[in-house]
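Topology and contacts: notes
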Amino acid sequence: MRGTRVEIRLAALRNNALRAAELAGDAQVFAMVKANGYGHGLLLAAETMLDSVSGLGVAVLDEARTLREHGIALPILVAEGFFDAEELEAAARLSLEVVVHSLWQVELLLANPCPVRIWLKVNAGMNRLGLRPNEALSAAARLSQAGNAPVGVMSHFACADMDEDIHSEKQLLLARSVAEQLQLPLSASNSAALLRYPRAHAQRVRPGIMLYGSSPFNWQTAAELGLQVSHRFSARLIAINAVEAGESVGYGATWTASDPRQIGVVAVGYGDGYPRHAPSGTPVAVNGVVTTLVGRVSMDMITIDVTGLSASVGDEVELWGDVVDVDDVARACGTISYELFCQITQRPERTIV
Ligand SMILES: Cc1ncc(COP(=O)(O)O)c(C=O)c1O
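Rules of the game
- Sequence order as written defines the numbering, with residues in each chain counted from 1.
- Whole-chain, interface and lining totals are the exception, using all residues; otherwise, since this is a predicted model, local features are given only for residues with pLDDT of at least 70 and side-chain atom pairs are given and counted only at 80 or more.
- Only hydrogens and water are set aside when side-chain values are computed; all heavy atoms of the structure are taken into account.
- Distances are taken per atom, and a residue is near a molecule or strand as soon as one of its heavy atoms is within 4 Å of it.
- Residues adjacent in sequence count toward polar contacts only when both atoms are side-chain atoms; beyond that, a polar contact is any pair of N or O atoms within 3.5 Å, and within protein one must be able to donate a hydrogen and the other to accept it.
- Surface exposure here means Shrake-Rupley accessible area, sampled with a 1.4 Å probe, where a residue is shielded only by the protein chains that are shown.
- Residues are called lining when one of their atoms sits within 4 Å of a cavity or pocket point, these points coming from a 1 Å grid over the protein atoms alone, where a cavity is a set in which a 1.4 Å probe fits but cannot get out and a pocket is an open set with protein on both sides within 12 Å along at least five of seven lines.
- Criterion for pocket placement: a molecule counts as inside a cavity or pocket if more than half of its atoms are within 2 Å of its grid points.
- Each residue gets one label: Ala, Val, Leu, Ile, Met, Phe, Trp, Tyr, Cys and Pro are nonpolar, Asp, Glu, Lys and Arg are charged, and the others, such as Gly, are polar.
- Whether two strands pair depends on DSSP finding at least two bridges between them.
- The helix count covers DSSP runs of H or I at least four residues long, the strand count covers runs of E at least two residues long, and both are numbered beginning at the N terminus.
- Handedness of a crossover is defined as follows: with both strands directed away from the viewer, a clockwise route from the first strand across the helix to the second makes it right-handed.
- Here the limits of each domain have been adopted from an automatic or database domain assignment.
- When two parts are put together, the accessible area they lose, computed with a 1.4 Å probe and summed over both, is reported as buried area.
- For this document, the term salt bridge refers to a Lys or Arg side-chain nitrogen within 4 Å of an Asp or Glu carboxyl oxygen.

Before going further, it helps to spend a moment on the site of the ligand. Taken together, the neighbourhood of the ligand is formed by Met 32, Lys 34, Tyr 38, Met 154, His 156, Asn 190, Ser 191, Arg 206, Pro 207, Gly 208, Ile 209 and Tyr 338. A distance of 2.8 Å separates an oxygen atom of the ligand from a polar atom in the backbone of Gly 208. In this structure, an oxygen atom belonging to the ligand sits 2.6 Å away from a side-chain N or O atom of Tyr 338. Starting from 390 Å² of accessible surface for the ligand in isolation, the protein chains cover 89%. Of the pockets mapped on this structure, the ligand occupies the largest pocket. Residue classes in the shell around the ligand are distributed as six nonpolar, four polar and two charged.

Printed below as a string of structure tokens:
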């Protein structure tokens, strides 16, 4: 057995969902399970958390359809809404809540009246999806006249996870003012805002990454936030080689030994979803002891420094999980845990614990 595997921990998902519910207080928790449950498995994540939350959030209709086909009856919010009349009709049939984020969707809805629950998305400063507050008010009026009144107002924070966050307060005020004018519930908070801004919880929160055991902040770890590791990625040592001072390792000879080193070859690469841009120095752990990646990541292998460690061929190397924090790996790679989780390929074995 090659031994490259991802372990998904259901108890941790449950713990993290309960933690979100505890923080949310009276607000509904809609667990974001889009993008294959942040790489954990769409159904697995949904089924594991459904007793602890009020609803689920996906990005696209097909994800919601899969959940319904597997008997999940909880309310489901489709964050990108519908793309055409056919999807609109399917959303109604599947009893989904759809986000209306653009004027073309308002027109499509008016041209194809459909009994679907609409959350109107307000652009409060993210400037990605969403209607400007005035557009949202007039769209709501037109939809109401056509018998398709929105049931909620939604917005998304651009900077709630940032150390110096000068945007969220303004965004919250804008989104809240639209919700109040329309006398509708508001949903604005992602994980960062749920953890950090109780005043932004409003009537519904939409946490994602915190459910998957990762911290949205670079100043607080997941463990410090009361979150448990739900995704552990590991592989095995398949060779250990001595290199002399001055010898380089791997493609492009990007790392050169300054003194004699023992180099472990680990059976994981970008073909498994380990990030190719992980630089020398990225942490890994051998038998529970932290060491570093050296040289370039290949498709099927990485090379690590095992000098002075008790390490043998066949030993386990943790890429992230219990000893190596996924957020540290993400930082070393200049990315976020979201991407690391999502980009694991089909090749590693999956173990559900
Ligand atoms: C619309 C929307 N709501 C909520 C979330 C959850 O965000 P996070 O994973 O940062 O908690 C996302 C994720 O990107 C999102 O796109």
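Take the pairing of strand E8 (residues 186–189) next. For strand E7 (residues 152–154) and E8, the ladder comprises two bridges, and the chain directions are parallel. Following the sheet pairing, Val 153 is matched in E8 by Leu 186. As a crossover connection, the stretch from E7 through helix H8 (residues 168–182) into E8 is right-handed.

Split by domain assignment, the protein resolves into domain 1 (10–212) and domain 2 (231–352). Relative to domain 2, the C-alpha centre of domain 1 lies at a distance of 37 Å. Between domain 1 and domain 2, roughly 690 Å² of surface is buried when both sides are summed, and carbon and sulfur atoms account for 71% of that area. For domain 1, the biggest contributors to the area lost against domain 2 are Tyr 38, Gly 39 and Ile 209; these three give 55% of the whole. Counting across the domain 1 and domain 2 interface gives zero salt bridges. For the interface between domain 1 and domain 2, the tally reads one residue pair in polar contact (both at pLDDT 80 or more). Of the residues that constitute the side of domain 1 that touches domain 2, the class distribution is six nonpolar, two polar and no charged.

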